[in-house]
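So the chains spell out like this:
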Amino acid sequence: MVDQDEPRGDIVAAGGAASVKRLGFFGRIALFFRQVIGELRKVVTPTRKELFKFTAVVLVFVVIVMAFVYGLDAGFSWLTSQVFGVPQ
C-alpha cells in the first residue's frame with residue numbers, strides 16, 4: 001500500500017523504512033489523475049427519493065432567501081422615500 005506523504009506528490013511506502021521518490025512533471029500529472037479516479041470511486045450517487053428531497057430543500061431555501069432580500073429591498077425603499085421624500 002502506498003500513502004501520500006505530502007501534497008506535492010512525494011510517495012512514501014506504508015510500512016517499513018520510508019523511501020522518498022521525487023516525481024517529475026509527467027509523474028505528478030499521472031499521480032493527480034490516479035488520485036482523481038480514486039476519489040471518484042468514493043462518490044455515492046443519491047437515490048431518486050434523496051434527489052427529490054435535496055432539490056426541494058434547495059428550492060425552499062432559495063425562496064426564503066428571495067423573500068428576505070425582497071423584504072430588505074422594500075424596507076430600504078420605504079425608508080429612503082421617508083428620509084429624502086419624493087418631490088411633487
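Since the structure is predicted, the reported quantities are computational estimates derived from the model, not experimental observations.

1. Digging into the overall build of the protein chain
Reasoning step 1: Assigned secondary structure in the protein chain consists of two helices and two strands.
Reasoning step 2: Shown N-terminal to C-terminal, the secondary structure of the protein chain runs as helices and strands in the order β-β-α-α.
Reasoning step 3: In the protein chain, which comprises 88 residues, the proportion classed as buried is 6%.
Reasoning step 4: Of the roughly 8,100 Å² of accessible surface on the protein chain, 70% is carried by carbon and sulfur atoms.

2. Overview of the packing of aromatic side chains
Reasoning step 1: Under the definition given, this model contains two aromatic pairs.
Reasoning step 2: Taken together, a centroid distance of 5.5 Å and an interplanar angle of 70° make the contact between Phe-32 and Phe-33 edge-to-face.

3. A look at the pattern of salt bridges
Side chains bearing opposite charge may pair, as long as their charged atoms lie close to each other.
Reasoning step 1: A complete count under the given rule lists one salt bridge for this structure.
Reasoning step 2: With a closest N to O distance of 3.1 Å, Glu-39 and Lys-42 form a salt bridge.
Reasoning step 3: Under the relative-accessibility criterion, Glu-39 is labelled partly exposed at 47%.

4. Considering helix H2 (residues 48-84)
Reasoning step 1: The end-to-end C-alpha separation of H2 is 53 Å, in line with the 54 Å expected for 37 residues at 1.5 Å each.
Reasoning step 2: Gly-85 sits one or two residues past H2 and shows a positive phi near 70°.

5. A look at the confidence of the model for the protein chain
Reasoning step 1: Of the residues in the protein chain, 75% reach a pLDDT of 70 or more, and the chain-wide mean stands at 84.
Reasoning step 2: Within the protein chain, no element has a lower average pLDDT than strand S2 (residues 11-13), which sits at 52, and none a higher one than H2, at 96.

Reading the values: rules and limits
- Residues numbered from 1 in each chain as written.
- Predicted model: local features only at pLDDT ≥ 70, side-chain atom pairs only at ≥ 80, totals over all residues.
- Heavy atoms only, no water.
- Helix = DSSP H or I, 4+ residues; strand = E, 2+ residues; numbered from the N terminus.
- Buried < 20%, exposed > 50% of the residue type's maximum accessible area, 1.4 Å probe, protein only.
- Areas by Shrake-Rupley, 256 points an atom, 1.4 Å probe, with all protein chains shown as cover.
- Phe/Tyr/Trp six-rings, centres within 6.5 Å; stacked < 30°, edge-to-face > 60°.
- Salt bridge = Lys/Arg side-chain N within 4 Å of Asp/Glu carboxyl O.
- Expected span 1.5 Å × (residues − 1).
- pLDDT = per-residue confidence, 0-100.

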